[in-house]
Amino acid sequence: MYEETTAGRVDSDGSEEEEQKEPTVEPVRFGWVQGVMIRCMLNIWGVILYLRLPWITAEAGIGLTWVIVLLSSCITGITGLSTSAIATNGKVKGGGTYFLISRSLGPELGGSIGLIFAFANAVAVAMHTVGFAETVADLVHENGGVMVSPIDDIRIIGVITVTCLLGISMAGMAWESKAQIVFFLVILVSFASYIVGTLLPASPHKQAKGFFGYQAHIFAANFVPSWRGPEGSFFGMFSIFFPSATGILAGANISGDLKDPTVAIPRGTLMAIFWTTLSYIIISATIGSCVVRDASGLLNDTLSSSSARNCVGLACQHGWDFTDCINNDTCAFGISNYYQSMSMVSAFSPLITAGIFGATLSSALACLVSAPKVFQCLCQDQLYPLIGFFGKGYGKNHEPLRGYLLTYVIAVCFILIAELNTIAPIISNFFLCSYCLINFSCFHASITNSPGWRPSFRFYNKWLSLLCAVCCLVIMFLLTWWAALIAFGVVLLLLGYTLYKEPAVNWGSSVQASSYRIALNQCVALNQVEDHVKNYRPQCLVLTGPPSSRPALVDLGSSLTKNLSLMVCGHVLTVSQRASSAAHNLWLRQRKVKSFYKHVLSADLRSGVNMLLQGAGLGRIRPNVLLMGFKTDWLSDSPQAANTYIGILQDAFDLQYGVCVLRMRERPDQSHVNPGFDGGPERTHPTCHPSGLHSITTSAMQVEPAPQASTPFGKTQGAKTIDVYWLSDDGGLTLLLPYLLTRRKRWAKCRLRVFVGGENSTNEERREEVSTLIQKFRLGIRDVEVLPDLHQNPRNVHQFEKMLSSFKQDPNPKSECHSAPSRAQEEPWGITDQDLERNRAKTSRQLRVNEIVQDYSREAALVVITMPVRRRGVCPSVLYLAWLEVLSRDLGPPVLLVRGNQENVLTFYCQ
């Protein structure tokens, strides 16, 4: 909105700066007439106008020629409207068509069409230069001079010409613009000479070449088509003529050199289309009314009395007999055979030759300037590798000199073809592809109803733009289907590369607006769909804090969701911290983890996690599984921290979440830190909350993402086992999660084993029962083990009680009856002998499970154990945390404690 300025800047002491900087030299800027209209008209009035329009009129007839001209003008006119709308939706910088499309449809399509359009302009340089060289070669041959051969003469003259044009363009935009004005005046004079020539009486020399002045019967005969040769068809003529209408973007391509692009581009482009279309219609009508299709050019072919009966052709009515050359297809003149017919009709033929020179050279010069400008902007955006070398600018206008040299090399390669009718169809598809995407850009930006789409140019219609885009697409395949396939193949190849590389650019494209709209509609539509067990998928809220500090949790959550369900990395920040998510999102992208990062500000961890539990997600796309790490330092931390940790688990159960707790094997050099929950690499500044809980402080100024650490869940696992201890029915979440892991590529070789409790007497029946149930669930698990010794007494009960000694409450019979309620409120983590005795059976069970896991699962890749449930008011929080401790300690593989919310996540029913 506002730009900084140093004008009138005042120093800290209030005095103005004494030293004034030298005024910068402003680069050349053009208005809408000189910068857009004249440039577009010159680019449209190209080689086709003088050298092929009379021939197209002879082939297609005046009527169909008008259709070809009007169809081309409709395409270019609607494209001009779309271009004007896009160009007036914000400040237009250098880059022209590429800049407009890329900022509208995004870098994916913008980058691909930018390369194609730049290449098409480079080939157009060759087309116009070949037209110029063809005219010069014809003049040389008419005067009896030949340098090497007719085709080689065109090549030599073309290379010399494009070299001279390169020198003019590299001299700067000011010189190039002056040259364009001179060419424009020359073309206007040549038009005047041509119109005057059609009004003058025909001389015998002109009559011998087929010119007889305005004649109604000549107009009537030339109004209908007369197809000849392999190119004789409507679309064949259209493919040759259409490049002459493709100069409408010449002004937009130098958008960075215009004074006011938002005004100049619409006004200049539309005026250029109108005047050039009118000129094409007038020239085709006049040439078709004055010149017959076939003439010999011989003065001796006058009509005699003996040959009057057998005379063929319109010239017979004017005393000329061209029957022999018509019957033998050897006529050298007439608009069907003589490309220089406009020069022959003109009052002064050298003026037409000068007009041909002006039209071809001006169009070639405009394309020679446009291609490097577009390519320079593409190079500076760094969407593709190895092309940044050509993006450097020189001088006050930042001229792309290296781009000029590249365009020159491409043009020379196509000049060597030396066949105008071969080069023209090649670039038709490229320009049609560009116009198709420009119109689609305008339609797409309009249909998304984005608030950011506010063009000041109102005279456009989104449906008209869509129709024009479809027409361009259809015409591409009707012209040359294989060239259309090549064009779209190149677009798709470049599009795929850009999608794969994901360039770090954000231009607010209509594709992003459309993605938002589609996602919003789908989210709203999901509200009408009731939950069903067959559609259940774990959607994980992962308490990672800064994701880079707990990569194991991130990798496990990514393995469980893996682009198929929601994953949210939650981070609780203290109120004194500043929130910054850019580095965390970048770290997740670099790790190729598709996850959302969500942070909340809270005074304590439990309140913050509760905010995440209740506020994360949107509609039905919300987490249903809480994944967090195990607090391995709970014995050395404060009792309040342990109570808060268990409170988080209890809050998740109360909010109908499934809960997963990951415990990794402690490293010898960092035994107190667990990368699942405790502080990771960023735990350098612990801050104590009022509750006594230590939180992790991270700097919001971090821009560079943290380095990527390896974890077991990010590596490919070998032929190991995933051992599942399914000790109670929790809805099936304990079985579903390890099954989902085996569907990932890294865990595909792992074999699932399920361990269940049982009795010696019913061992086989229990195995058969569980196996049958798992088969009905279609989980593909074959190994089921029954643990008959699950109810035996554990060996280390005394060690367990000793571990809890510091949390025991000191019994005081005198004050127990009065202080017990208040003590329970002040110290909810406190453990009494009554608590230990009341929960002795469950304690023994957890200790025994740990002993069994150590016996059976030392070599497993992962151990999944059903998490016990705490009864509030019966089991103190520290006692429950001690259960989780003894259940998962001293194990080599990672341990995942899982507990569903009693909601069924597995079914063997079809309905």
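Bear in mind the structure is a predicted one, so any value in this text is a computation, not a measurement.

Enquirer: Just give me the short version of the layout of surface pockets, but keep the residues and values in it.
Expert: Summary: where empty space remains is shown by rolling a probe the size of a single water molecule over the atoms. Taken as a whole, the largest pocket spans an internal volume of roughly 1,300 Å³. Mapped onto the lining of the largest pocket, the elements with two or more residues apiece are helix 5 (107-142), helix 18 (481-501), helix 19 (510-526) and helix 21 (582-590). In terms of residue count, helix 21 provides more of the lining of the largest pocket than any other element does, five residues in total. Residues that form the lining of the largest pocket fall into these classes: 11 nonpolar, eight polar and six charged.

Enquirer: Help me get a handle on the pairing of strand 8 (residues 721-725), residues and values and all.
Expert: Burial runs high along strand 8: five of the five residues are buried. Burial of strand 8 is two-sided: the residues T721, D723 and Y725 facing one way and the residues I722 and V724 facing the other way are all buried. Sheet topology places strand 8 next to strand 9 (residues 751-757); five bridges connect them, and they run parallel. Following the sheet pairing, Y725 is matched in strand 9 by F755. Crossover handedness for the path strand 8 to helix 24 (residues 733-742) to strand 9: right-handed. Of the strand pairs in this sheet, strand 8 and strand 11 (residues 862-866) are connected by four bridges, and their pairing is parallel. Considered in strand 11, the bridge of V724 is made with V864.

Enquirer: Please give an account of a nonpolar patch on the surface that cites residues and values.
Expert: Together, I195, L199, Y214, M271, F274, W275, L278 and I282 make up a nonpolar patch on the protein surface, roughly 730 Å² of accessible area in all. Going through the elements one at a time, helix 7 (173-199) and helix 11 (261-290) are the ones with two or more residues in the nonpolar patch. In terms of residue count, the dominant contributor to the nonpolar patch is helix 11 (five residues). In this fold, I195 is placed in helix 7. Given the relative accessible area of 34%, I195 is considered partly exposed.

Enquirer: Now, about the environment of V345: what can you tell me, with residues and values included?
Expert: Looking at the element boundaries, V345 is found in helix 13 (residues 341-345). As a C-alpha pair, V345 and F212 span 133 residues in sequence and 9.5 Å in three-dimensional space. V345 has contacts with Y194, G197, T198, K206, F211, I287 and V291, leaving out every residue within four places of it along the chain.

Enquirer: Kindly report on the nonpolar core, identifying the contributing residues and their values.
Expert: Core analysis: the biggest nonpolar cluster contains 145 residues, and Y50 and Y435 have the highest contact counts within it. Discounting chain neighbours no more than four positions away, the residues touching Y435 are I75, T76, T79, F242, A245, T246, G247, I248, L249 and C472.

Enquirer: Outline the packing of aromatic side chains, supporting the account with residue identities and numerical values.
Expert: Evaluation of the coordinates by the stated rule reveals 31 aromatic pairs. Taking 5.9 Å as the distance between ring centres and 55° as the angle between the ring planes, the aromatic pair formed by F375 and F390 counts as tilted. One end of the pair, F375, is in helix 14 (residues 349-381); the other, F390, is in the loop between helix 14 and helix 15 (401-415), and 15 residues separate them in sequence. Taking relative accessible area as the criterion, F375 reaches 10% and is therefore assigned buried. Through successive ring pairs, a cluster of aromatic residues spans F117, F238, F242, F431 and Y435. The ring centre of Y339 lies 3.7 Å from the NZ or CZ of R52, which sits over that ring. The ring of W32 has R267 lying over it, and the distance from NZ or CZ to the ring centre is 5.5 Å.

Enquirer: Tell me about empty space enclosed by the protein, and name the residues and values.
Expert: According to the stated counting rule, one finds seven cavities of 30 Å³ or more in the structure shown. Approximately 60 Å³ is the volume found for the second largest cavity. Listed by contribution, the elements that provide at least two residues to the lining of the second largest cavity are helix 3 (53-87) and helix 11. Ranked by the residues each element gives to the lining of the second largest cavity, the list is headed by helix 11, at four residues. A class-by-class count of the residues in the lining of the second largest cavity yields seven nonpolar, four polar and no charged.

Enquirer: Give me the lowdown on the pairing of strand 5 (residues 658-663), citing residues and values where you can.
Expert: Among the six residues that make up strand 5, six are buried, leaving the element largely enclosed by the rest of the structure. Of the two faces of strand 5, the one carrying G658, C660 and L662 and the one carrying V659, V661 and R663 are both buried. Examined bridge by bridge, strand 4 (residues 625-629) and strand 5 share five bridges and lie parallel to one another. Note that in strand 5 the partner of V625 across the bridge is G658. Where the polypeptide runs from strand 4 across helix 23 (residues 639-654) and back to strand 5, its parallel neighbour, the crossover connection is right-handed. For strand 5 and strand 12 (residues 895-899), the ladder comprises five bridges, and the chain directions are antiparallel. Each residue of the ladder has a partner; that of V659, found in strand 12, is R899.

Enquirer: Report on unusual backbone geometry, specifying residues and quantitative values.
Expert: Excluding glycine, most residues fall at negative phi; most peptide bonds, likewise, are trans. Its identity is not glycine, yet A418 carries a phi of approximately 65°, on the positive side. You can see A418 is positioned in the loop between helix 15 and helix 16 (420-447). Taking relative accessible area as the criterion, A418 reaches 3% and is therefore assigned buried.

Enquirer: Could you give me a rundown of the pattern of salt bridges, with the residues and numbers involved?
Expert: Inspection of every chain in the model, using the stated rule, returns 17 salt bridges. We note a salt bridge from R606 to D651, for which the minimum N-O separation is 2.9 Å. Taken together, the positions of R606 in helix 22 (residues 605-615) and D651 in helix 23 put the pair 45 residues apart, joining distant regions of the chain. Across the pair R751 and D783 runs a salt bridge, and its minimum N-O distance is 2.0 Å. Linking R751 in strand 9 with D783 in strand 10 (residues 783-787), this pair joins segments that are 32 residues apart in sequence. For R751, a relative accessible area of 42% corresponds to the partly exposed category.

Enquirer: Break down the state of the cysteines for me, citing the residues and quoting the values.
Expert: On inspection of all chains with the given rule, the structure shows two disulfides. Residue pairing for C311: its cysteine sulfur links by disulfide to C316, the two sulfurs lying 1.7 Å apart. Between C311 and C316, the S-S dihedral sits near -90°, and the bridge is therefore left-handed. For C311, a relative accessible area of 16% corresponds to the buried category. Covalent S-S linkage joins C325 and C331, the inter-sulfur distance amounting to 2.0 Å.

Enquirer: Before we move on, could you go through helix 3 and cite the residues and values that matter?
Expert: With 35 residues, helix 3 extends only 32 Å from end C-alpha to end C-alpha; this falls clearly short of the ideal 51 Å at 1.5 Å per step. The largest bend along helix 3 measures about 110° and falls at G61.

Enquirer: Can you explain the packing of helix 20 (residues 551-561) against helix 24? Please cite residues and give values.
Expert: Closest axis-to-axis distance for the helix 20/helix 24 pair is 8 Å, and the angle between their directions is 90°. Taken together, the axes of helix 20 and helix 24 are roughly perpendicular relative to one another. Taken together, the residues of helix 24 that come into contact with helix 20 (itself represented by L556, S559 and L560) are L737, L740 and L741. Taken together, the residues of the contact of helix 20 with helix 24 sort by class into five nonpolar, one polar and no charged.

Enquirer: Hey, could you go over the sheet that holds strand 11 for me, with residue numbers and the actual values?
Expert: Taken together, 10 strands build an open sheet; the order of strands is 3-2-1-4-5-12-11-8-9-10 and the sheet is mixed. Unpaired on one side and paired on the other, strand 3 (596-601) and strand 10 mark the two borders of the sheet. Between one strand axis and the next, the sheet turns by 20° as a mean value, whatever way the strands run. In this sheet, strand 2 (residues 567-573) lies alongside strand 1 (residues 540-543) in parallel orientation, the contact comprising four bridges. When the sheet's bridge partners are listed, L543 is paired in strand 2 with G570. Relative to strand 8, helix 29 (residues 840-856) is tilted by about 160°, and along the sheet it contacts strand 8, strand 9, strand 10 and strand 11.

About the cut-offs
- Note that residues are indexed from 1 along each chain, following the sequence as it is written.
- The predicted origin of the model limits local features to residues at a pLDDT of at least 70 and limits the giving and counting of side-chain atom pairs to 80 or more, whereas totals for whole chains, interfaces and linings rest on all residues.
- Excluding hydrogens and water, the side-chain values take into account all heavy atoms of the structure.
- Lining residues are defined by having an atom within 4 Å of a point belonging to a cavity or pocket. Those points lie on a 1 Å grid over the protein atoms alone, cavities being sets where a 1.4 Å probe fits but cannot get out and pockets being open sets with protein on both sides within 12 Å along at least five of seven lines.
- Grid points are joined across faces, edges and corners, and a volume is the space filled by probe spheres set on the points.
- Counting from the N terminus, the helices are the DSSP runs of H or I reaching at least four residues and the strands are the DSSP runs of E reaching at least two.
- Residues are grouped as follows: Ala, Val, Leu, Ile, Met, Phe, Trp, Tyr, Cys and Pro are nonpolar; Asp, Glu, Lys and Arg are charged; every other residue, Gly included, is polar.
- Per-residue accessibility, obtained with a 1.4 Å probe over protein chains only, is compared with the maximum for each type, and a residue is labelled buried under 20%, exposed over 50%, and partly exposed between these values.
- When DSSP finds two or more bridges between two strands, those strands count as paired.
- Every crossover in which the path from the first strand over the helix to the second runs clockwise, viewed with the strands pointing away from the viewer, is termed right-handed.
- Two joining distances apply to patches: 9 Å for like charges and 5 Å for nonpolar side chains (Val, Leu, Ile, Met, Phe, Trp, Tyr), and every residue must have over 30% relative accessible area and no salt bridge.
- Here the accessible surface of atoms and residues is derived via Shrake-Rupley with a 1.4 Å probe, and residues count as covered only by protein chains that are part of the display.
- Salt bridge, as used here, is a side-chain nitrogen of Lys or Arg placed within 4 Å of a carboxyl oxygen of Asp or Glu.
- In what follows, residue pairs with any heavy atoms lying within 4.5 Å of each other are defined as contacts.
- Within this scheme, the nonpolar core is defined by two criteria: the residues are buried Ala, Val, Leu, Ile, Met, Phe, Trp, Tyr or Cys, and they are joined through side-chain atoms within 4.5 Å.
- Put simply, two rings from Phe, Tyr or Trp (the six-membered ring, in Trp's case) pair if the centres are within 6.5 Å, and we call them stacked under 30 degrees between planes, edge-to-face over 60, tilted for the rest.
- Charge-over-ring placement is defined geometrically: NZ (Lys) or CZ (Arg) within 6 Å of the ring centre, and within 35 degrees of the ring normal.
- The disulfide criterion is simple: two cysteine sulfur atoms within 2.5 Å.
- One fewer than the residue count of a helix, multiplied by 1.5 Å, yields its expected span.
- Bend is the name given here to the angle between axes fitted to two runs of seven residues, the run ending at a residue and the run starting at it.
- Between N-to-C directions, angles span 0 to 180 degrees; the directions come from axes that are lines fitted to C-alpha atoms, helices contributing only their stretch in contact.
- Note that the term roughly parallel is reserved for angles under 35 degrees, roughly antiparallel for angles over 145, roughly perpendicular for angles of 65 to 115, and oblique for everything else.

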